[in-house]
Amino acid sequence: MSESTSERHVHLTDYLRVVWRRKLLVLFIWLLIFVVVAVVTFSVRPMYRLRARLMIERQLTLPSELGPVRMEPTKEFYQTQYLLIRSREVARKLYNAFNMASWREFQKVTDRDHIEIVQDWIRITPQPDSHVVDVWILWPDRHQGAEMVNRITDFYLEAVQR
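Residues numbered from 1 in each chain as written. Predicted model: local features only at pLDDT ≥ 70, side-chain atom pairs only at ≥ 80, totals over all residues. Heavy atoms only, no water.

As for the packing of helix α4 (residues 88-97) against helix α7 (residues 142-161)
In plain terms, the rule: Note on geometry: axes are C-alpha line fits, over the in-contact stretch for helices, and angles between N-to-C directions span 0 to 180 degrees. Under the DSSP-based scheme used, a helix requires at least four consecutive residues in state H or I and a strand at least two consecutive residues in state E, with every element numbered from the N terminus. With respect to orientation, any angle under 35 degrees is reported as roughly parallel, any angle over 145 as roughly antiparallel, any angle of 65 to 115 as roughly perpendicular, and every other angle as oblique. Throughout, a crossing is termed right-handed when the near helix is turned clockwise from the far one, and left-handed when it is turned anticlockwise from it by less than a right angle. Whether two residues touch is decided by their heavy atoms; if any such pair falls within 4.5 Å, the residues are in contact. We call Asp, Glu, Lys and Arg charged. Ala, Val, Leu, Ile, Met, Phe, Trp, Tyr, Cys and Pro are nonpolar, and the rest, Gly among them, are polar.
Close contact between α4 and α7 brings their axes to 9 Å; oriented N to C, the two are set at 135 degrees. When the interaxial angle is binned, α4 and α7 end up oblique. Considering the relative orientation of α4 and α7, their crossing is right-handed. Note on element contacts: α7 touches α4 through Met148, Arg151, Ile152, Phe155, Tyr156, Glu158 and Ala159, opposite Glu89, Val90, Lys93, Leu94 and Ala97. Split into classes, the residues belonging to the contact of α4 with α7 amount to eight nonpolar, no polar and four charged.

Next comes the structure, spelled out in structure tokens:
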């Protein structure tokens, strides 16, 4: 084979020379990316995940001298409890307790039910292999969000104790 048809091997040093010759362009691009990421990071409104942890148990009172007897709840029982936590009743009470009708966000919304919006905020995460469930919301104000989660649990407990 002749030298004219053979391939030239490219080494790492060749790449480094190209980058070094274009160092100002590389530096400019890196700084531009850094500034954009910094601006976006510091301009985003922080969201807090606020949660309350509930233990859901089923107690039946039998007409005997044994008193309350604890039975293992079924999957349907838990699903019912999750629906009660996210129910319209709980969401409506939360909406009224915080006077959300006067909030600017709700005054803009005319095409959707306000109670449905509040229901969408309420999240539930069951803990595996336990009777524990996390009730949580994402909220920009951690103090108000904590109060909201506490009220959600209070309203749920009122609903199941009736």
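Additional details are given in the paragraphs that follow.
Examining helix α3 (residues 75-85)
The condition is simple: Only protein chains enter the area calculation, which uses a 1.4 Å probe; residues under 20% of their type maximum are buried, those over 50% are exposed, and those in between are partly exposed. The arc under discussion is defined with respect to the helix axis, by the directions toward the C-beta atoms.
Within the sequence span of α3, burial applies to Phe77, Tyr78, Gln81, Tyr82 and Ile85. Taken end-on, α3 shows its buried residues confined to a sector of 135 degrees, consistent with a single buried face. Exposed positions of α3 whose direction lies more than 90 degrees from the buried face are Glu76 and Leu83. Packing partners of the buried residues in α3 comprise β1 (48-55), α4, β4 (123-126), β5 (132-139) and α7.

Overview of the layout of surface pockets
Our working definition: Put plainly, a pocket is an open set of points on a 1 Å grid over the protein atoms alone with protein on both sides within 12 Å along at least five of seven lines, a cavity is a set where a 1.4 Å probe fits but cannot get out, and a lining residue has an atom within 4 Å of a point. Grid points are joined across faces, edges and corners, and a volume is the space filled by probe spheres set on the points.
Taken as a whole, the largest pocket encloses approximately 240 Å³ of empty space. Where the lining of the largest pocket is concerned, the elements lending two or more residues are β1, α3 and α7. The dominant element in the lining of the largest pocket, judged by the number of residues it contributes, is α7, at four residues. Each residue belonging to the lining of the largest pocket can be placed in one class, and the counts come to seven nonpolar, two polar and one charged. Space inside the second largest pocket adds up to approximately 170 Å³. Here the lining of the second largest pocket is composed, by residue class, of six nonpolar, one polar and three charged.

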